[in-house]
Amino acid sequence: MAAFRAETISRRSTIALTVIAAVLFARTGEVRGSDKPRSSAGSQSRPASRIEQLAASFANPPDDSRIMMRWWWFGPAVVRSELEREMRAMKDAGIGGFEVQPVYPLALDGARSGIKTLPFLSDEFLSALRFTSEKARELGLRMDLTLGSGWPYGGPSVLISHAAGRLRIERFPLKSPSRRVTLPAMGAGETVIGIFLATVNGGAIAPNSLRRLVRGEDGTVELPSDASGEVQFYIASRTGMQVKRAAVGAEGFVLNHLDAAAVGAYLRDTGDKLMRAFEGRAPFAVFCDSLEVYNSDWTDDFLVEFKKRRGYDLSAYLPALAFDIGPETSAIRRDWGRTLTELLNERFIKPLRDWSRKNRTLLRMQCYGVPAAALSSNSDVDLSEGEGFRWRTLSATRWASSASHLFGRRITSSETWTWLHSPSFRATPLDMKAEADLHFLQGVNQLIGHGWPYSPPSAEYPGWRFYAAGVFNDSNPWWIAMPDLTRYLQRISFMLRQGEPRNDVAIYLPSDDARGRFSSGNVNLIESLREVIGQKIIPTVLDAGYGFDFFDDEALAEAGHVDHGRLMLGAHPYKIVILPNVSCIPEATLRVLGQFARSGGSLLATKRTPSELPDFHPGSRDNQTIAQMARSLFEEHQATARIVDDEETGLERALRESLSADFVLSPATPDIGFVHRATDDAEIYFLANSSAERKLFSATFRVRGMAAEIWDPLTGNIAGAHAQSDTEAGTTLSLDLEPYASRLVVFTRRTQAVSTLSESPTKAASFDLNENWTVRFAHGESRRLSTLRSWTDIEDLRFFSGVATYEKRINVPDELFKPGGKMRISLGDGRPATDADDGRPEGPGMRAKLEGPVREAAVVYVNDRRAGAVWCPPYAVDVTGLLHPGENLVRIAVGNLAVNHMAGGPLPDYRLLNLRYGQRFQAQDMDKIKLEPSGLLGPVRLIAEPATR
């Protein structure tokens, strides 16, 4: 997609950008809504060349599908020579671009170290940005830019009047008879908006005890003669939150995302200044990180906006935002939460999008968190981004990909590898693949690695690191395999951009039920939705063999309609809709879903049917209409709407009765995930084994009359697959996935040769290569190893981090060279790891729980020709055609972990740094640094596989 690089985009007008954006997100392929297996019968044959072109691009995918990196500029203290060196290192490793993220300093300025901090937005900093932009264009790298420093948006230009707002509640118990109380101490930017007298029992206000009080002219509050309980003051206040991980010169209050004037001022004071660095050639996209404006649930004119939108005065019901005041509590909170979302959309996201278009760039955003962003808030985002590897739950990653599908965006990115196998420099290439596959399983097709820390030449090895992430730059000894790893990730990203997603199930997000759980300081919608939906529905849908997307009321209103038994959300048809434990639902939503069910769609409600309108109308609230609509819908014999009490077995049965599954495993294997996309010419399935154990199974795909091919994303090789059966249920294949392995199963209308290698291991000849290797280490020393062992078992090499080259000569007999046969060098098999192997229980990040036979990556050369890299199962490389009868030279370069070097010396001392700048971070898991096995552990074998007859 080189045509989409920033330098090729016309910058002449907003109209031009809009046109280009439309091209960028254009959807290809036709929409197919049939619930039956696809068949070639009766269809017009497609040109084989289109599949051949796809296959060629799979082997050598376009640059735009390369992974990117979040590039942390610490201080920022950067110099041009190192910036250029690191950009070239990224390009050489197969990384397609970066996002610049200025963050906290890691070293004090000094002439000897060459460290000079360039304060955020200073002329020197902007000059460094300008150089980087120009060099990125020269190298063909995509450049994105965080529109600020650290997160969330904020900084020194944000006045207290523009700082993030919150509703502060002060409670004063009445301990003795009193007729008057004084106001609590007030800070800058604070205003009392309500005073109440109440008796509180636990979290509830006692019936008939709530009374509203009025402040007197003298600033005190007069109490009634029978006053008891407590006086509550409701204050429009500020969170006081400061920008997290701020660069030097970027310190300050976090922005009020619900205040249009504050957002406008920030874009002028920070955004416009950043754009000066680009001199009219803007970055590809500007980035907004996850919304983490803690406790942000208010803004100065909230009461005015609330009354305008909801039709009543919230000031009389303020206690409902913190306490249970009776049956109306949840409804009031729902109205509060909905207003928060609307203000965020209108005053932050839309202005940010408009500003981006004016500056001829795109908006990339992690649109979830606090303030209370909804899934539909993504409608004004050009590039939706998620984070989180937990693929069998309501994750921000699936949230983002669902939004992309609903709103017609082809690309979904994700922040990948945050906290991966902590501490820093502990993550391996296998760790990276294992987590990346979980993002792919959630619909992601653009990885943003977290991340790449800029590190000056003067920094002690292995260099600077971010406090909460792995390091994925060339300081890692396993970097020798990075081009192979990035090529794998590039192939999957490319394939998951082809055609259209084929998800059958739409899961309704009960946003109003979730908002009903809000309380003062607790307004994170996605977290509340996780509680409402629970832990069972999503795994049940996946295990039953269906792909799915989420949707909410606003997305349905904006992009939804019913078409012959299918719910169309944008261009995507869904045959099944699930209402997960829904109590509240807007009447308009239920009417559309009723039309969907009555036209033949399958509507499944778990546990209960909707019974309540979401909004609160004082004195006139009537839920009878919605309850009657639900009863009619779910009790009519003609409608395909049903209640499912059991969210596991019962829901799976209801799904299977509604629609044949897209992907069925025998035996059931929950560790195997899938993604299905379809083009005019192919049905594409991405399969991934998320476990540390080998999985053998039969898989039935809902495809008929097409030939199955296995596309190997590690090598780019394609081979035909033998189908066990082709029946009404679909096509069944026998599959074998190594630990953390993945495959693409592609169904086409062409004929592809099926592999002819023997599947019987007894027919393969195996030769032991474990003994008598000569090993040369990076510092020049050579060793003779009679048997393979870890470098950490050799006293003077215990703390070695780097690359060592194993070398030996082997004699290969003539009889192994058979026509059609294959030869490979295997470095051994892995074994499942335990927490004891790693020294710690599961943390916030993930890790691959597999102990490999090579630690951590190897590149194999045969007779001075590169055979390939080994860094994940099956831990083998094909050497067919590289060997010849007689003597052959085998070299294996092995890179281990930089953490071994760290284990042998003192950790960085940040005491003086913290005294100078304040403690802006805490390095992660430094107590977990320990030696890890290194080198070839084996057994290493040469395996010759004869062809079958």
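Residues numbered from 1 in each chain as written. Predicted model: local features only at pLDDT ≥ 70, side-chain atom pairs only at ≥ 80, totals over all residues. Heavy atoms only, no water.

Counted according to the given criterion, the structure contains 44 aromatic pairs. Ring geometry for Trp72 and Phe466: centres 4.1 Å apart, planes at 5°, overall stacked. Of this pair, Trp72 sits in strand E1 (residues 68–74) while Phe466 sits in the loop between strand E20 (446–453) and helix H10 (482–495); the two residues are 394 residues apart in sequence, bridging distant segments of the chain. Arranged with centres 4.8 Å apart and planes meeting at 70°, the rings of Tyr685 and Phe701 form a pair that is edge-to-face. Note that Tyr685 is positioned in strand E32 (residues 683–689) and Phe701 in strand E33 (residues 695–701), a separation of 16 residues in sequence. (Phe/Tyr/Trp six-rings, centres within 6.5 Å; stacked < 30°, edge-to-face > 60°. Helix = DSSP H or I, 4+ residues; strand = E, 2+ residues; numbered from the N terminus.)

The next thing to look at is the state of the cysteines. In protein chemistry, a disulfide is the covalent bond that joins the sulfur atoms of two cysteines. Taken as a whole, this structure holds zero disulfides when the rule is applied. Sulfur of Cys288: no disulfide; nearest cysteine sulfur belongs to Cys367 and is 7.9 Å away. (Disulfide = S-S within 2.5 Å.)

Quick look at the packing of helix H13 (residues 537–544) against helix H17 (residues 649–658) now. Two quantities define a packed helix pair, namely the angle between the helix axes and the distance between the axes. In contact at an axis separation of 9 Å, H13 and H17 are set at 45° when each is read in the N-to-C sense. By the angle between their axes, H13 is oblique relative to H17. Pair H13 / H17 crosses with right-handed handedness. Residues Ile537, Thr540, Val541, Asp543 and Ala544 of H13 lie in contact with H17, whose contacting residues are Leu651, Glu652, Leu655 and Arg656. Of the residues in the contact of H13 with H17, the class split is five nonpolar, one polar and three charged. (Axes fitted to C-alpha atoms, helices over the stretch in contact; angles between N-to-C directions. Parallel < 35°, antiparallel > 145°, perpendicular 65-115°, else oblique. Left-handed = near helix turned anticlockwise from the far one by under 90°. Contact = heavy atoms within 4.5 Å. Nonpolar A, V, L, I, M, F, W, Y, C, P; charged D, E, K, R; others polar.)

Turning to the sheet that holds strand E37 (residues 730–737), a few remarks are in order. Ordered in space as E30-E33-E37-E36, the four strands form an open sheet in which the pairing is antiparallel. The sheet is open, and its two borders are formed by strand E30 (663–666) and strand E36 (723–727), each paired with just one other strand. Taking each pair of neighbouring strands and ignoring which way they run, the sheet shows an average axis angle of 25°. Examined bridge by bridge, E33 and E37 share seven bridges and lie antiparallel to one another. The residue of E37 that forms the bridge with Phe697 is Leu735. (Pairing = 2+ DSSP bridges.)

In total, this model carries 70 salt bridges according to the counting rule given. Here Arg566 makes a salt bridge to Asp563, at a shortest N to O gap of 2.8 Å. The class of Arg566 is buried, set by a relative accessible area of 17%. Of the residues examined, Asp563 reaches a relative accessible area of 22% and is grouped as partly exposed. (Salt bridge = Lys/Arg side-chain N within 4 Å of Asp/Glu carboxyl O. Buried < 20%, exposed > 50% of the residue type's maximum accessible area, 1.4 Å probe, protein only.)

Right, let's get into the layout of surface pockets. Size it by volume and the second largest pocket reaches roughly 950 Å³. What lines the second largest pocket is a set of 37 residues, and nearest its centre among them are Ser290, Glu292, Tyr368, Glu387 and Glu527. For the lining of the second largest pocket, the elements supplying multiple residues, two or more each, are strand E15 (291–292), strand E17 (369–370) and helix H12 (525–533). Tallying contributions element by element places H12 first for the lining of the second largest pocket, with three residues. Per-class residue counts for the lining of the second largest pocket are 15 nonpolar, twelve polar and ten charged. (1 Å grid on protein atoms, 1.4 Å probe; cavity = no way out; pocket = protein on both sides within 12 Å on 5 of 7 lines; lining within 4 Å. Points joined across faces, edges and corners; volume = space filled by probe spheres on them.)

Once that is clear, we can look at the pairing of strand E16 (residues 362–365). Of the two faces of E16, the one carrying Leu362 and Arg364 and the one carrying Leu363 and Met365 are both buried. Bridge count between strand E14 (residues 285–288) and E16: four bridges; the pairing is parallel. What sits directly across from Ala285, in E16, is Leu362. Bridge count for E16 against strand E18 (residues 383–387) is two bridges, and the pairing is parallel.

With that settled, the discussion passes to the confidence of the model for the protein chain. Model confidence for the protein chain is summarised by a mean pLDDT of 92, while 93% of its residues fall at 70 or above. Long-range and interchain partners of residues 1–36, a stretch whose pLDDT sits below 50, account for 77 contacts in this model, where long-range means more than four residues apart. Contacts from residues 39–44, a stretch scored under 50 in pLDDT, to residues over four places away or in other chains number six contacts. (pLDDT = per-residue confidence, 0-100.)

Read across the open sheet, the three strands follow the order E24-E25-E26; overall the sheet is antiparallel. Two strands in the sheet have a free side with no partner beyond their single neighbour: strand E24 (560–563) and strand E26 (572–574). Here the strands of the sheet are splayed against their neighbours by 30° on average, with no regard to which way each runs. Contacting E24, strand E25 (566–569) and E26, helix H15 (residues 587–598) crosses the sheet at an angle of about 135° to E25.

Moving on to the environment of Val370. Along the chain, Val370 turns up in strand E17. Once the C-alpha coordinates of Val370 and Tyr294 are considered, the two residues, 76 residues apart in sequence, prove to be 6.4 Å apart.

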